[in-house]
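Understanding the architecture of this molecule
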Amino acid sequence: MADSSSSDAGGARPLDAPRSRATLVGLSAVLLWALLALFTIGSSPVPPLLLNALCFGIGGMVGVVWMAVSGTAHRLRQVPLAVYAFGTAGLFGYHILYFSAFRLSPTAETGLIAYLWPLFIVLGSALLPGERLRAAHVAGALLAFAGAALIVLGRGSDGSASGLGQMLAFGCALTWTAYSLISRRLGTVPTESVAVFCIATAVLSAVAHVIFEPTIWPDSPMGWASVLLLGLGPVGIAFYTWDVGMKRGDVQLLGVASYAAPLLSTLALIIAGIAEASVTLLVAALLITGGAALAARAGKARRKISASKDV
């Protein structure tokens, strides 16, 4: 299969959708992921593995319905088993860490740490073949980690915060970074494959739930609504739209836009009354998003220099 990174760098034409339209589709994923923390907290007291099984089951059914309507299920035969295994491991690992982090530490600070992945992806991408780490990348990393330090040092103000939970949030940021960067090297696969990733993750989560967890269902209509919305949006449609955007849209713009997710996530928690607005939280959010944007700008500037040398 062709390396998708080569088509991104060269500005290749989209596969079967206008570039601008695909970019807008991808941007919808960022908006949906901004609600992940809010719905995860609302789904309490469902244990993480059961929540994973329920949400990914719903997300997988979204893909099944889509393929049934569009008649594109035959595309799944094009995908190697290794890709299915990789995608399942990435989704399963990331969300287990994420849900567990919020069970232990259901705070806005946990969400901000988990959303360090945009910065890590930018820094990791700079180390890929043909790229180089620049001073601005390092400066962006320092800004973002300064924001994370503010969050961790300030967690004593919230009795529900947990150091272990925030460590798990950091681990899920690293997991999504690895999943994203390795995906760039796997080549183009049909978006329909995401449905298989979701269903396989749901099955693994259900098995693990039976072995390791007590079965605790949502205890209110709001809890059931949160589970349903998680499966339809942040753990469902978002993965399909993000895949479309990454394969056919403006990858650089989507990467920069993803840095808005932590700030939007925090605003959602504040509006819902789960978190309180504070100067420290605002500064931390600005440092993290600002550092990520600086790193992304440095990467874009390098590509422009490389392109001018090739002319």
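Residues numbered from 1 in each chain as written. Predicted model: local features only at pLDDT ≥ 70, side-chain atom pairs only at ≥ 80, totals over all residues. Heavy atoms only, no water.

The name recorded for the protein chain in an unreviewed UniProt entry is EamA family transporter, from Haematobacter genomosp. 1.

The next thing to look at is the environment of Gly 290. Of note, Gly 290 is situated in helix H14 (residues 279–310). A C-alpha to C-alpha distance of 7.3 Å links Gly 290 and Ala 144, two positions 146 residues apart in sequence. (Helix = DSSP H or I, 4+ residues; strand = E, 2+ residues; numbered from the N terminus.)

Trp 33, Tyr 98 and Trp 176 are the most contacted members of the largest nonpolar core, which has 72 residues in total. Tallying contributions element by element places helix H5 (residues 81–104) first for this core, with eight residues. Those residues in contact with Trp 33 that lie beyond four places of it in its chain are Tyr 115, Trp 117, Trp 176, Pro 234, Ala 238, Phe 239 and Trp 242. (Core = buried A, V, L, I, M, F, W, Y, C linked by side-chain atoms within 4.5 Å. Buried < 20%, exposed > 50% of the residue type's maximum accessible area, 1.4 Å probe, protein only. Contact = heavy atoms within 4.5 Å.)

The next subject is the pattern of salt bridges. Counting across every chain of the model gives one salt bridge. One salt bridge in this structure joins Glu 192 and Arg 75, with 3.3 Å as the shortest N-O distance. Of this pair, Glu 192 sits in the loop between helix H9 (163–184) and helix H10 (193–212) while Arg 75 sits in the loop between helix H4 (48–70) and H5, and the two are 117 residues apart along the sequence. Since its relative accessible area comes to 27%, Arg 75 is described here as partly exposed. (Salt bridge = Lys/Arg side-chain N within 4 Å of Asp/Glu carboxyl O.)

Looking now at the packing of H5 against H10. Between two packed helices, what matters for the description is the angle formed by their axes and the separation of those axes. The interhelical angle for the contact between H5 and H10, taken along N-to-C directions, is 60 degrees, at an axis separation of 8 Å. Relative to H10, H5 is oriented oblique. For the element pair H5 and H10, the recorded crossing hand is right-handed. Across the interface between the two elements, Val 83, Tyr 84, Gly 87, Thr 88, Leu 91 and Phe 92 of H5 pack against Ser 193, Val 196, Phe 197, Cys 198, Ala 200, Thr 201, Leu 204 and Ser 205 of H10. Of the residues contributing to the contact of H5 with H10, the split by class is nine nonpolar, five polar and no charged. (Axes fitted to C-alpha atoms, helices over the stretch in contact; angles between N-to-C directions. Parallel < 35°, antiparallel > 145°, perpendicular 65-115°, else oblique. Left-handed = near helix turned anticlockwise from the far one by under 90°. Nonpolar A, V, L, I, M, F, W, Y, C, P; charged D, E, K, R; others polar.)

Time to look at the side chain of His 209. By secondary structure assignment, the location of His 209 is in helix H10. Within the structure, the side chain of His 209 is placed 2.9 Å from the side chain of Glu 213, a separation counted as a polar contact. Beyond its immediate stretch of four places on either side in the chain, His 209 contacts Pro 47, Leu 49, Leu 50, Pro 214 and Thr 215. (Polar contact = N/O pair within 3.5 Å; in protein donor to acceptor, adjacent residues only side chain to side chain.)

So, about a nonpolar patch on the surface. Together, Met 61, Val 64, Ile 199, Val 203, Val 207, Val 210, Ile 211 and Phe 212 line one region of the surface with nonpolar side chains, adding up to about 780 Å² of accessible area. Elements with a minimum of two residues in the nonpolar patch: H4 and H10. No other element matches the six residues that H10 contributes to the nonpolar patch. Tracing the backbone shows Ile 199 in helix H10. (Patch = residues over 30% accessible without salt bridge, like charges linked within 9 Å, V, L, I, M, F, W, Y side chains within 5 Å. Areas by Shrake-Rupley, 256 points an atom, 1.4 Å probe, with all protein chains shown as cover.)

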